Amino acid sequence: MIRSITGRTSRRRTRVRTRGWAGTTATAALTVLAMTAGCKAQPADSASAAPSSPPRATATDDAKPPAAQSPPPDASSSSPKATATPAPKPDPQGTTLMASGSEGKQVRELQARLRQIGHFDRSPTGYYGSVTVAAVQSFQGKRGLSRTGRTDTVTWQKLLGMTHEPTAAELNPPTTLPVTKPDKRCMTGRVLCISKNSRTLSWMIDGRVVSSMDVRFGSQYTPTREGTFSVYWKSRHHVSTIYHTAMPYAMFFSGGQAVHYSADFAARGYSGASHGCVNVRDEGKIASLFAQVRTGDKVVVYG
């Protein structure tokens, strides 16, 4: 009996121990499972959670964002800033009224006024070219102004004060070059006064110029003779028997040399020359002259 009781007691103790070990094993297994699950997600407030990247500065931070985190600079910010162009200083001679390339009535008036006081040596054209620039510079230099060659308000006012309003003949003179002072032989009677220097012919009566016109002379091989002559023959529809060319309104004064209209002169200007005659290029003017000149009127040709 004693062994039987002892045996049962031992078996009960064995079961208790077995149950205790099983409980311990289950508890350990739950602990391991909890630790394994916790390594994939750290609590938000865990002090041991290490950030995967440095914290970014926010708009409320006092420090500037790290350079690596800064956005790339805008292309426009890298380009040089435009600087303001300083305003040009006002011209001490005032506003420019006319300059090289200008054209029109005011330019013609400018040229006529400059011609009155000897700064422009030809007929007004109405175009502001290099000759006009040089004429304005000459005028400015003699008046103590800057030689700009531009007609500004100060230059224009000074010029107005020294000249008179141009006449119609001054604005649109009959000849390209100014008519020179007539030779003393032209001052009496009815005279065709012809100047080689100014390349002009003036029809004069008792020292008064009735009309003037551009003329062209012979070449160095066939020069126009100089001296005092007289018209000995007039031929309205003359044709040269030597050169077989037309010589309308011919007024002969020395052998075969005559004053007459030249279509070639009208077309080519001074790039050509006559065979000794005095060519006129304005047909209207020589037609009028032909009607007034008489046989026996004086002809003076001088250099």
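Just above sits the structure.
Remember, predicted model here, so these are calculated numbers, not experimental data.

We now examine the pattern of salt bridges. A complete count under the given rule lists eight salt bridges for this structure. The partner of Arg-113 in a salt bridge is Glu-109, and the shortest N-O contact between them spans 2.9 Å. One end of the pair is Arg-113 and the other is Glu-109, both in helix α3 (residues 105–116) and four residues apart, which spans about a single turn. Salt bridges linked by common partners bring Arg-216, Asp-264 and Arg-268 together as one network.

Before going further, it helps to spend a moment on the sheet that holds strand β3 (residues 190–195). In any sheet, the strands associate via hydrogen bonds between backbone groups, in a parallel or an antiparallel arrangement. Pairing within the open sheet is mixed, and its nine strands lie in the order β6-β11-β3-β4-β5-β10-β9-β8-β7. Across the chains shown, the open sheet's two edge strands, defined by having one partner strand only, are β6 (227–230) and β7 (233–239). Within this sheet the neighbouring strands show an average axis-to-axis angle of 30°, counted without direction. Where β3 lies against strand β11 (residues 298–302), five bridges are found, and the strand directions are parallel. Bridging from a neighbouring strand, Ser-195 pairs with Tyr-302 of β11. Here helix α8 (residues 283–292) sits on the sheet in contact with β3, β4 (200–205), β5 (208–216), β7, β8 (246–254), β9 (257–261) and β10 (278–280), set at roughly 50° to β8.

The next point concerns the packing of α3 against helix α4 (residues 130–142). In contact at an axis separation of 11 Å, α3 and α4 are set at 50° when each is read in the N-to-C sense. One way to sum up the angle between α3 and α4 is to call them oblique. Taken as a pair, α3 and α4 cross one another with a handedness that is left-handed. Residues Leu-110, Gln-111 and Leu-114 of α3 form the contact with α4, whose participating residues are Thr-132, Ala-135, Val-136 and Phe-139.

Further remarks concern the nonpolar core. Judged by nonpolar contacts, the single largest core of 22 residues is most densely connected at Leu-192, Ile-194, Leu-201, Met-251, Val-259, Leu-289 and Val-299. Residues Leu-110, Leu-114, Phe-120 and Phe-139 belong to the second largest nonpolar core, which totals twelve residues.

Now for α3. Taking 1.5 Å of rise per residue, the twelve residues of α3 would be expected to cover 16 Å, and the 17 Å separating its terminal C-alpha atoms lies within 8% of that figure. Among all positions in α3, only Val-107, Leu-110, Gln-111, Ala-112, Arg-113, Leu-114 and Arg-115 are buried. Along its buried surface, α3 packs onto β1 (96–98), α4, β2 (151–152), α5 (153–162) and α6 (168–171). Downstream of α3 by a residue or two, Gly-118 has a phi angle that is positive, lying close to 80°.

What is meant by a disulfide is a covalent connection between two cysteines, made through their sulfur atoms. Applying the stated criterion across every chain yields a total of one disulfide. The partner cysteine of Cys-186 in its disulfide is Cys-193, sulfur to sulfur 2.2 Å. Judged by the sign of its S-S torsion, about 80°, the bond between Cys-186 and Cys-193 is right-handed. Per residue, the accessibility class of Cys-186 equals that of Cys-193, and both read buried.

Two aromatic rings are characterised by how far apart their centres lie and by the angle between their planes. Scanning all chains against the criterion turns up five aromatic pairs. Between Tyr-249 and Phe-290, the aromatic rings sit 5.7 Å apart at their centres with planes inclined by 70°, giving edge-to-face as the arrangement. In this pair, Tyr-249 is assigned in strand β8 and Phe-290 in helix α8, connecting sequence segments 41 residues apart. For Tyr-249, a relative accessible area of 9% translates into the label buried. Every member of this aromatic cluster is reached through a ring pair, and the members are Tyr-232, Trp-233 and Phe-252. The aromatic ring of Tyr-270 is capped on one face by Arg-199, whose charged end is 3.8 Å from the ring centroid. Of note, Lys-234 hangs over the ring of Phe-290, and the distance from its end group to the ring centre comes to 4.4 Å.

Moving on to unusual backbone geometry. Despite not being glycine, Asp-206 has its phi angle at roughly 55°, a positive value. Mapped onto the secondary structure, Asp-206 falls in the loop between β4 and β5. With phi around 55°, His-244 is a residue other than glycine that occupies positive phi space. The topology assignment puts His-244 in the loop between β7 and β8.

Bringing the pairing of β6 into the picture now. Burial of β6 is one-sided: the residues Gly-227 and Phe-229 facing one way are buried, the residues Thr-228 and Ser-230 facing the other way are not. In this structure, β6 lies alongside β11, joined through four bridges in antiparallel fashion. Residue Phe-229 lies in a different strand from β11, and its bridge partner there is Val-299.

What counts, and at which threshold
- Residues numbered from 1 in each chain as written.
- Predicted model: local features only at pLDDT ≥ 70, side-chain atom pairs only at ≥ 80, totals over all residues.
- Heavy atoms only, no water.
- Salt bridge = Lys/Arg side-chain N within 4 Å of Asp/Glu carboxyl O.
- Helix = DSSP H or I, 4+ residues; strand = E, 2+ residues; numbered from the N terminus.
- Pairing = 2+ DSSP bridges.
- Axes fitted to C-alpha atoms, helices over the stretch in contact; angles between N-to-C directions.
- Contact = heavy atoms within 4.5 Å.
- Parallel < 35°, antiparallel > 145°, perpendicular 65-115°, else oblique.
- Left-handed = near helix turned anticlockwise from the far one by under 90°.
- Core = buried A, V, L, I, M, F, W, Y, C linked by side-chain atoms within 4.5 Å.
- Buried < 20%, exposed > 50% of the residue type's maximum accessible area, 1.4 Å probe, protein only.
- Expected span 1.5 Å × (residues − 1).
- Disulfide = S-S within 2.5 Å.
- Phe/Tyr/Trp six-rings, centres within 6.5 Å; stacked < 30°, edge-to-face > 60°.
- Lys NZ or Arg CZ within 6 Å of the ring centre and 35° of its normal.

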